[in-house]
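Geometric and topological summary
Chain by chain, the residues:
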Amino acid sequence: MIPLLILTPAILLAAIGAAWKARPVHAALLLALCLSLVGCLYVAMGAHFIGLVQFSVYVGAVAILIVFSLLITRPSDDDEEKVRRMKTGMPALACSLPLLVMLGFTMFKQSALLEAPADEPAMSLKVLGEILFTDYAPAVLAMAVLLTAVMIGAALFAREPSKKPEPPSDS
Amino acid sequence: MMLGNVEFEMAWLAPEQWPRLPQHLVEWLVALCGLPEWLVSIAGWFTSAGVVVGVFMGLFALLSLIERKTLARVQNRYGPNRAGWFGILQPVADGIKMLTKEDIVPAKADWLLHLLGPVLIVIPSILALGVIPYGQDWVPVPLELGLVFFFAVGAMTEIAVFVAGWASGSKFPMLGAMRAISQMVSYELPLIISALAVVMMSGTLSLPEIVESQGGYTLGFLPQWNLFTPWGLSAGVVFFIACIAEANRCPFDLPEGESEIVAGHMTEYSGFKYALFFIGEYLGLFAISALGITLFLGGWQSPLPIFDFLPSWLWFFAKLAVVIFIFLWIRATFPRVRIDQLMRFAWLCLIPIALLSLPTAAIWHYANKANNDIVAWIATMPLVLIPWVVLTVLFNRRLSPATTRTYHFAE
């Protein structure tokens, strides 16, 4: 319970900061912090595997993707960003409010979610793996094919067209 | 021997138990003072962590000297030879220099992130060192998901490099960070896929159990390490190449290529922050080599049955020394690759081979299950040899622009 009480406000603060910060890089880093704190929350709640996967997927891949796209596209000046924030703030709030209401409704409706489970969940990693590769095998296979195709596609995209290099102009 | 209410066991003094001796002693002393149980275990954890950090910081200091000496020997120089006997005090001199240098934060830098960058680089390396089984009885943190933990904390390094590069507020750190992140992301794939083959074969994600699954000897002398199987050889070579790239070592040290972009993401750092980058880099090198040893070189298992009397952690550190020396040798021998060659090598060479090692491992598993060693070797060897040969030839002939490159200004 204590980790929950410490981590939840921290997650919320990081999330609000990510939405509020004017500089995109700060927002992206706060988002990474928020995602890693969610991973910590999973670990604190005893779901070690999902917590570590949260780290490697969301912090190691998703946050890096965002950060990298920020590196490639030069962010504009701060003043411009502030203007844009004023313009996009209201639609963003309008979009996220229904989600927030829905989440709150679900949480208070199902008060059992707020109570701690009586005993440790009996789901070991081996059991999880067995279920994934028996009951959910088609889904896992479909995902695997999709991801492999995406990877090959990315490698093909990254390959430059085979043409002779032009001599650099020395102007 | 009984002192107070906690027993001092003579078994703690056995060579096999030496790495845990400080922890036992501290726990014994704390219990002797009559402090509560939870304080005893907390003191034990801190001592255990202190031993890991202390040992590897000592090895870092030693390696910084050995590296310079080895490079000097290869390049026909003396290397450091002024501080102390044969330059043995050079790490101390370096440390004093780093600590007393002025810490400069550029005017354009984001000071908080500028400070966080080097700290964030050291933390994951230390965390990763915590789950490695150094000896039969010495795993600082025996996690069931050790391997996943290792790669999960490794993800933090990329963010740290980005933070360091971006917060400096100038162009070379930014370029260095971009290079570093693209290189780390690309080489993490072959690294993880080749580790996956080992997970598949040993059926566990716990590093101590992976080491135990490599115990025993074929024909009484050949150790059953993963490297000595066809799939393990293929995956192991991929793993070690990807290791060099993940640790940003030469020939893949583009992120900090001194002759191209000053020092990459470390350009705007000085003093102890700069030293922290080096500590992080070397601890990361130790961690990833230790993982490679655990996965492919049998961890703490001794190479020959007659050497079983030596303590297991000694074998681990001997293997670590050999692997690190091979990295030094590679650094002294190979020139730095270009960024396009680096990417092409990862995506077109290492990842396909790493992916192929998975079906190879599956074939090996089923052939071995039928107790047919010869069939297993015959069925898997072509799967290993043909891709290596074909890709090497392709890589040299067609895909590499190095062969068709014209030098406009050098001719």
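Since the model is a prediction, treat every value here as computed from it, not as a measurement.

Right, let's get into the overall build of chain B. Assigned secondary structure in chain B consists of 13 helices and four strands. Sorting the 411 residues of chain B into buried and exposed places 51% on the buried side. Long-range contacts, defined as pairs at least 24 residues apart, comprise 75% of the intrachain contacts of chain B with a sequence gap of at least 6. For chain B, the accessible area works out to roughly 19,400 Å², and carbon and sulfur atoms hold 70% of it.

On to the overall build of chain A. Scanning chain A from terminus to terminus reveals six helices and zero strands. A buried classification covers 19% of the 171 residues belonging to chain A. The long-range share in chain A, meaning contacts at least 24 apart out of those at least 6 apart in sequence, stands at 51%. In the form shown here, chain A has an accessible surface area of approximately 13,000 Å², with 73% of it arising from carbon and sulfur atoms.

Right, let's talk about the layout of surface pockets for a bit. A water-sized probe, rolled over the atoms, reveals where empty space remains. All names here are of chain B. Computed from the structure, the second largest pocket encloses a volume of approximately 860 Å³. Those elements that provide at least two residues to the lining of the second largest pocket are helix H2 (37-74), helix H3 (90-100) and helix H10 (271-296). The greatest single-element share of the lining of the second largest pocket, amounting to eight residues, is contributed by H10. For the lining of the second largest pocket, the per-class residue count stands at 19 nonpolar, five polar and eleven charged.

Next up on the list: the interface of chain B and chain A. Residue-level contacts link 27 residues of chain B with 27 residues of chain A. At the boundary of chain B with chain A, the tally comes to zero salt bridges. Applying the counting criterion to the chain B and chain A interface returns one residue pair in polar contact (both at pLDDT 80 or more). For the side of chain B that touches chain A, the elements supplying multiple residues, two or more each, are helix H5 (146-167), helix H6 (171-202) and helix H12 (339-369) of chain B. Among the elements that line the side of chain B that touches chain A, the one with the most residues is H5 of chain B, at nine residues. When its residues are assigned to classes, the side of chain B that touches chain A shows 20 nonpolar, three polar and four charged.

Attention now moves to the side chain of Thr 229 of chain B. Residue and element names in this part refer to chain B. Note on placement: Thr 229 falls in the loop between strand E4 (222-223) and helix H8 (230-246). With relative accessibility at 12%, the residue Thr 229 sits in the buried group. Within polar-contact distance, the side chain of Thr 229 engages the backbone oxygen of Asn 226 at 2.8 Å.

Definitions and limits used
Think of each chain on its own: its residues are numbered from 1, step by step along the sequence as written. A letter from A marks each chain and a number from 1 marks each ligand, given out in the order of writing. Residues qualify for local features only when their pLDDT is at least 70, as the model is predicted, and side-chain atom pairs are given and counted only at 80 or more; totals for whole chains, interfaces and linings, by contrast, use all residues. Calculated side-chain values reflect all of the structure's heavy atoms, with hydrogen atoms and water omitted. Here a helix means four or more residues in a row that DSSP labels H or I, a strand means two or more in a row labelled E, and each is numbered from the N terminus. Accessibility here uses a 1.4 Å probe with only protein chains present; expressed as a share of the type maximum, an area under 20% marks a residue as buried, one over 50% as exposed, and anything in between as partly exposed. Any two residues whose heavy atoms approach within 4.5 Å are treated as being in contact. Methods summary: accessible areas were calculated by the Shrake-Rupley approach with a probe of 1.4 Å, and residue burial reflects only the protein chains presented. The way it works is a 1 Å grid over only the protein atoms, where trapped points that fit a 1.4 Å probe form a cavity and open points with protein on both sides within 12 Å along at least five of seven lines form a pocket, and then any residue with an atom within 4 Å of a point lines it. Grid points are joined across faces, edges and corners, and a volume is the space filled by probe spheres set on the points. Each residue is assigned to one of three groups, with Ala, Val, Leu, Ile, Met, Phe, Trp, Tyr, Cys and Pro labelled nonpolar, Asp, Glu, Lys and Arg labelled charged, and all others, Gly among them, labelled polar. Whenever Lys or Arg places a side-chain nitrogen within 4 Å of a carboxyl oxygen from Asp or Glu, that contact is recorded as a salt bridge. Pairing of N or O atoms within 3.5 Å defines a polar contact, subject to two protein rules: one partner must be a possible hydrogen donor and the other a possible acceptor, and residues neighboring in sequence count only if both atoms are side-chain atoms.

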